[in-house]
Amino acid sequence: MDIKGVLRTAFILFCVMGRGSAIASPTLNDFDRLDYEVSSKQSETSKKSFQRSLSGLYSINSWRSSDIRQPYSHFNALYQVAPHAQEELSNLIKEVGMMTGNDVIIPDVKSKERALSKIETELNGDASQITDLARASIVARDIPSLVQAFELVGKESTLIAVKNRFKNPAPSGYRDLKVLVQLPETGMIAEVQLHLDAISTVKSGPEHDIYEQIQNIERRAQHESRDLSEFELAQISQLRVTSQALYHDAWQQYLHPNRLAS
């Protein structure tokens with residue numbers, strides 16, 4: 001193995017040992033108040049311009065407003081407005097995509113069944129706290145266009161939470177910029193994820209397969225009412241190392257674009 005291979009292996013092992021064995025796949029709903037600086041002034045400062053570079057991306061802080069709630073407390077009223085909010089968000093994100101040259105992903109409104117399940121199991125039955133009935137994603141080709149897209153989203157809506165996982169990546173190495181916005185017309189809170197193309201490709205492709213493999217191993221042991229065997233733990237550990245390596249290589253494309261192009 002050459003010196004680059006040795007250094008890469010050491011880096012991956014360091015990540016695994018330093019961050020523990022629990023590497024969770026990124027979820028859409030992780031704006032927990034314990035993870036953020038809470039500031040009433042952040043929404044105003046988020047409308048400023050950032051350097052469209054790696055340092056500018058790192059300068060975007062993670063924060064959340066102190067009390068994030070939808071404008072309706074009853075689920076039926078909330079869900080009735082959700083399609084209008086999704087349409088409003090779709091128009092906003094498509095405009096940002098055109099202005100920045102980035103791709104956009106506009107899913108359907110979260111299904112009623114999944115929404116009710118989340119409210120019951122994760123939100124203590126409080127419908128006003130569900131924030132991803134309307135959601136969209138922006139897939140940027142590079143860091144400058146991602147930062148530009150973030151700026152435009154903040155100027156066309158009211159930011160109420162930001163999570164910068166480029167600055168503080170998930171244990172798996174996954175990185176994105178996730179924001180909650182309050183839409184100007186419907187007043188609904190919606191979720192927007194900003195991805196880099198190579199990282200998004202890993203997430204929706206090989207990482208998804210890895211996550212499914214890990215879930216299958218864990219479900220089998222749970223179904224059989226037993227702990228994971230040493231062999232299964234080793235399997236999971238190796239899958240997670242593979243996941244870290246995939247995300248690491250994808251991120252390097254943006255840190256050293258000239259070197260990779262040559």
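Parameters and conventions
- Residues numbered from 1 in each chain as written.
- Predicted model: local features only at pLDDT ≥ 70, side-chain atom pairs only at ≥ 80, totals over all residues.
- Heavy atoms only, no water.
- Helix = DSSP H or I, 4+ residues; strand = E, 2+ residues; numbered from the N terminus.
- Buried < 20%, exposed > 50% of the residue type's maximum accessible area, 1.4 Å probe, protein only.
- Contact = heavy atoms within 4.5 Å.
- Areas by Shrake-Rupley, 256 points an atom, 1.4 Å probe, with all protein chains shown as cover.
- pLDDT = per-residue confidence, 0-100.
- Polar contact = N/O pair within 3.5 Å; in protein donor to acceptor, adjacent residues only side chain to side chain.
- Core = buried A, V, L, I, M, F, W, Y, C linked by side-chain atoms within 4.5 Å.
- Phe/Tyr/Trp six-rings, centres within 6.5 Å; stacked < 30°, edge-to-face > 60°.
- Expected span 1.5 Å × (residues − 1).
- Arc of directions from axis to C-beta.
- Salt bridge = Lys/Arg side-chain N within 4 Å of Asp/Glu carboxyl O.
- Axes fitted to C-alpha atoms, helices over the stretch in contact; angles between N-to-C directions.
- Parallel < 35°, antiparallel > 145°, perpendicular 65-115°, else oblique.
- Left-handed = near helix turned anticlockwise from the far one by under 90°.
- Nonpolar A, V, L, I, M, F, W, Y, C, P; charged D, E, K, R; others polar.

(A) Layout of the overall build of the chain. Counting its regular elements, the chain contains 10 helices and seven strands. Every one of the 262 residues in the chain was classed for burial, and the buried ones make up 48%. The contacts of the chain with a sequence gap of at least 6 include a subset with a gap of at least 24, amounting to 72%. Accessible area of the chain: about 13,900 Å², with a carbon and sulfur share of 51%.

(B) Representation of the confidence of the model for the chain. Overall, the predicted model of the chain reaches an average pLDDT of 85, with 80% of residues at or above 70. No element of the chain has a lower mean pLDDT than helix H1 (residues 3-19), at 45, and none a higher one than strand E7 (residues 189-196), at 98.

(C) Structural detail: the environment of Thr121. Here Thr121 lies in helix H5 (residues 112-122). For Thr121, the side chain forms a polar contact with the main-chain oxygen of Ser117, separated by 2.7 Å.

(D) Spotlight on the nonpolar core. If you look at the biggest cluster of nonpolar residues, it comprises 53 residues, and the most contacted ones within it are Leu89, Phe150, Val153, Val179, Val181, Leu194 and Leu196. If you tally residues by element for this core, the top one is helix H4 (residues 75-100), at 10 residues.

(E) Structural context of unusual backbone geometry. Backbone geometry at Asn124 places phi at a positive 55°, although glycine is not the residue there. Assignment of secondary structure puts Asn124 in the loop between H5 and strand E4 (135-140). With a phi close to 55°, Ser225 is a non-glycine residue in the positive phi region. As for its placement among the helices and strands, Ser225 is situated in the loop between helix H8 (206-223) and helix H9 (230-255). When its relative accessible area of 67% is taken as the criterion, Ser225 is described as exposed.

(F) Quick peek at the pairing of E4. For E4, a buried count of six out of six residues is recorded, marking the element as mostly surrounded by other parts of the structure. Side chains Arg135, Ser137 and Val139 of E4 all project onto a buried face; the interleaved residues Ala136, Ile138 and Ala140 project onto the opposite face, where all are buried too.

(G) Up close: the packing of aromatic side chains. Across all of its chains, the model carries four aromatic pairs by this definition. Geometrically, the ring pair formed by Phe166 and Trp251 is tilted, given 5.7 Å between the ring centres and 35° between the ring planes. Of this pair, Phe166 sits in the loop between strand E5 (158-164) and strand E6 (177-182) while Trp251 sits in helix H9, placing them 85 residues apart in sequence. For the pair Phe166 and Trp251, a shared accessibility class is recorded, and that class is buried.

(H) Spatial organisation of H8. The terminal C-alpha atoms of H8, which comprises 18 residues, lie 26 Å apart, in line with the 26 Å expected from a rise of 1.5 Å per residue. Taken together, the buried positions of H8 are occupied by Glu207, Ile210, Ile214, Gln215, Ile217 and Ala221. Buried positions in H8, seen along its axis, are confined to an arc of 160° and lie on one side of it. Elements in contact with the buried residues of H8: helix H7 (197-204) and H9. Ser225 lies just past H8 and shows a positive phi near 55°.

(I) Summary view of the pattern of salt bridges. As enumerated under the stated definition, the model contains 11 salt bridges in all. Between Asp132 and Lys110 there is a salt bridge, and its shortest N-O distance comes to 3.1 Å. On the criterion of sequence distance, the pair formed by Asp132 in the loop between H5 and E4 and Lys110 in the loop between strand E3 (103-105) and H5 is long-range, its members being 22 residues apart. Here the two residues Asp132 and Lys110 agree in accessibility, since each one is buried. Measuring nitrogen to oxygen at the nearest pair gives 2.9 Å for the salt bridge that ties Arg226 to Glu232. A relative accessible area of 31% means that Arg226 is categorised as partly exposed. Each member of the salt-bridge network shares a partner with another, and the members are Arg220, Glu224, Arg226 and Glu232.

(J) Up close: the packing of H7 against H9. The contact between H7 and H9 brings their axes to 8 Å, and the two run at 165°. By the angle between their axes, H7 is roughly antiparallel relative to H9. Both H7 and H9 take part in a crossing whose hand is right-handed. Seen from H7, the contacting residues are Asp197, Ala198, Ile199, Val202 and Lys203; seen from H9, they are Leu246, Tyr247, Ala250, Trp251, Gln253 and Tyr254. Broken down by class, the residue content of the contact of H7 with H9 amounts to eight nonpolar, one polar and two charged.

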